[in-house]
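# Residue-level structure breakdown
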Amino acid sequence: MDIELRQLRCLVAIVDEGTFTDAAHALGVSQAAVSRTLASLERALGVRLLRRTSREVAPTASGLRVVAHARRVLAEADDLVRTATAGPTRLRIGYAWAALGRHTLPFQRRWGELRPETELQLVRVNSPTAGLLEGMCELAVVRRAPEDRRLDAAIVGLERRMCALAADDPLARRRSVRLADLGGRTLLVDRRTGTTTPELWPPDARPATRETHDVDDWLTVIATGRCVGMTAESTANQYRRPGVVYRPVRDAEPVAVRLAWWRDDPHPASQAVLELATSLYRGQ
C-alpha cells in the first residue's frame, strides 16, 4: 500500500476548506485533480473518507480517524523538512577514555563562544572509533589511526605517554620512569581502544599483559598494585584517582591525538573543530 503525502494534504485541505473547489484553490490545482487524488487515496485505503451532499462535504467515521492521523503525519513531514534545511544545530564528539585531556574544558568554552548556534556534546563510547561506526557521534577523538577506509582522520596534537602506578609503588617515588623499568611488571591494557601494546618493548623485555575494557576498572586494579598501566597524558588529566599516580615515560614515543569523521559525510563544523583543537594543542 503506497500512501503519498500529496494525498493526505488533499484530504486535509478538503476537510479544512469545506468544498472541493476551495481545496483546489488552496492547493493550487484543478478541482478535477482534487477529486482524482481523493479517489486514489480511498482506493488505496479501501474505505470511504468523505460524504458529499449538495450543501457540504463531511468526513465519514473512517475519514475522521484518517484525517487525525494525516495531520500528525504531515506535521512530522514538515518538521523533517525544517530540520534538514536548517542545517545541523548539534555536534556530538565521541571519545573512548579521554577527550582532549587538559584542553577539554577550554575547547568546550571557546566553542560556545565561537559557535553558539551549534550545541556541542561530548559522548564517551569505548569502541575503536569512539562511537563513529555506531552512529553515536559525528566526530571522534581517537589515538589510533582508523582502520576502516570509510573514515578519515587528521592529527591535531601529540601527548606524552604516562605510566599509572599505585601510590605506594617504589616507582612512584621517581619523577619519571623508563620502558625498561616496566619490563618485569604486569601491564593492564585495553586492546580495543588503547595505545599501549607489548611491541613498545624489545622482544626479550616485554611485560606480561592483562586486559580491561573500562577506564574505571583500569584505575581500580592499578590502585591495588597488582598491575601498572601506560596511557596518553590526557587520561592523567581527566582521571585523577586516590591511590593512583602518573609518571611520564621519558623514552616512549608520544601519542598522536586524531580527530576522525566519515569520509563521505563530514559534519559542516568539522574544519572548525580541527582548527580549534589544533590551536589548543599548539598553545595558541
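So, a few notes on the structure that sits alongside this text. (Residues numbered from 1 in each chain as written. Predicted model: local features only at pLDDT ≥ 70, side-chain atom pairs only at ≥ 80, totals over all residues. Heavy atoms only, no water.)

### A few points about the overall build of the chain
In terms of regular secondary structure, the chain is built from eight helices and twelve strands. For the chain, whose C-alpha radius of gyration is 30 Å, the value lies well above the compact-globule estimate of 19 Å for 284 residues. The principal-axis extent of the C-alpha atoms belonging to the chain is close to 100 × 40 × 35 Å. Counting across all 284 residues of the chain, residues that qualify as buried make up 45%. Nonlocal contacts in the chain, meaning residues at least 24 apart in sequence, comprise 70% of its contacts between residues at least 6 apart. On the chain, the mean spot of the 42 positive side-chain charges and the mean spot of the 35 negative ones are 2 Å from each other. (Helix = DSSP H or I, 4+ residues; strand = E, 2+ residues; numbered from the N terminus. Rg over C-alpha atoms; globule rule 2.2 N^0.38 Å. Buried < 20%, exposed > 50% of the residue type's maximum accessible area, 1.4 Å probe, protein only. Contact = heavy atoms within 4.5 Å. Lys, Arg positive; Asp, Glu negative; His and termini not counted. Charge placed at Lys NZ, Arg CZ, Asp CG, Glu CD.)

### What to know about the packing of helix H2 (residues 20-27) against helix H3 (residues 31-45)
Following both chains from N to C, one finds H2 and H3 inclined at 100°, their axes separated by 8 Å at the closest point. Classified by the angle between their axes, H2 and H3 sit roughly perpendicular to one another. On H3, the residues touching Phe20, Thr21, Ala23, Ala24 and Leu27 of H2 are Gln31, Val34, Ser35 and Leu38. Taken together, the residues of the contact of H2 with H3 sort by class into six nonpolar, three polar and no charged. (Axes fitted to C-alpha atoms, helices over the stretch in contact; angles between N-to-C directions. Parallel < 35°, antiparallel > 145°, perpendicular 65-115°, else oblique. Nonpolar A, V, L, I, M, F, W, Y, C, P; charged D, E, K, R; others polar.)

### Quick notes on the side chain of Arg161
Turning to its location among the elements, Arg161 is positioned in strand E7 (residues 161-166). Here Arg161 is buried and forms no salt bridge, its nearest opposite-charge partner Glu253 lying at an N-O distance of 7.4 Å. Among the polar contacts listed, one links the side chain of Arg161 to the backbone oxygen of Thr195, at a separation of 3.1 Å. At a separation of 2.6 Å, a polar atom in the side chain of Arg161 contacts the main-chain carbonyl oxygen of Glu253. Residues contacting Arg161, with those up to four places away along its chain left out, are Thr195, Thr196, Leu200, Met230, Thr231, Arg247, Pro248, Val249, Ala252, Glu253, Pro254 and Val255. (Salt bridge = Lys/Arg side-chain N within 4 Å of Asp/Glu carboxyl O. Polar contact = N/O pair within 3.5 Å; in protein donor to acceptor, adjacent residues only side chain to side chain.)

### Quick look at the packing of helix H1 (residues 5-17) against H3
The contact between H1 and H3 brings their axes to 9 Å, and the two run at 115°. Accordingly, the angle class assigned to the pair H1 and H3 is roughly perpendicular. Every pair of crossing elements has a handedness; the one defined by H1 and H3 is left-handed. On H3, the residues touching Arg6, Gln7, Leu8, Cys10, Leu11 and Ile14 of H1 are Val34, Thr37, Leu38, Ser40 and Leu41. Residues that form the contact of H1 with H3 fall into these classes: seven nonpolar, three polar and one charged. (Left-handed = near helix turned anticlockwise from the far one by under 90°.)

### Some points on the environment of Pro202
Structurally, the position occupied by Pro202 is in the loop between strand E8 (186-189) and strand E9 (208-211). Sequence separation between Pro202 and Gly183 is 19 residues, and the spatial gap between their C-alpha atoms is 9.2 Å.

### Regarding the sheet that holds strand E6 (residues 151-159)
Pairing is mixed across the open sheet formed by five strands, whose spatial order is E4-E3-E5-E12-E6. At either end of the open sheet lies a strand with only one pairing partner, and these are strand E4 (119-124) and E6. Ignoring strand direction, the axes of neighbouring strands in this sheet form an average angle of 25°. Where strand E5 (residues 139-142) lies against strand E12 (residues 255-262), three bridges are found, and the strand directions are antiparallel. Bridged to Ala140 within E12 is Ala260. Here helix H8 (residues 270-281) sits on the sheet and contacts strand E3 (90-95), E5, E6 and E12; the angle it forms with E6, its principal contact strand, is near 15°. (Pairing = 2+ DSSP bridges.)

### Section: the packing of aromatic side chains
Across all of its chains, the model carries two aromatic pairs by this definition. Note on Trp97 and Trp218: the rings are 5.1 Å apart at their centroids and 70° apart in plane angle, and the pair reads as edge-to-face. A residue pair is termed long-range when its members are at least 10 positions apart, and Trp97 in the loop between E3 and helix H5 (104-114) and Trp218 in helix H6 (residues 215-224) qualify at 121 residues. On the accessibility criterion, Trp97 (11% relative accessible area) is buried. Taking the relative accessible area as the measure of exposure, Trp218 reaches 1% and is therefore buried. (Phe/Tyr/Trp six-rings, centres within 6.5 Å; stacked < 30°, edge-to-face > 60°.)

So, to be careful, I would describe these as geometric facts and stop short of saying anything about function.
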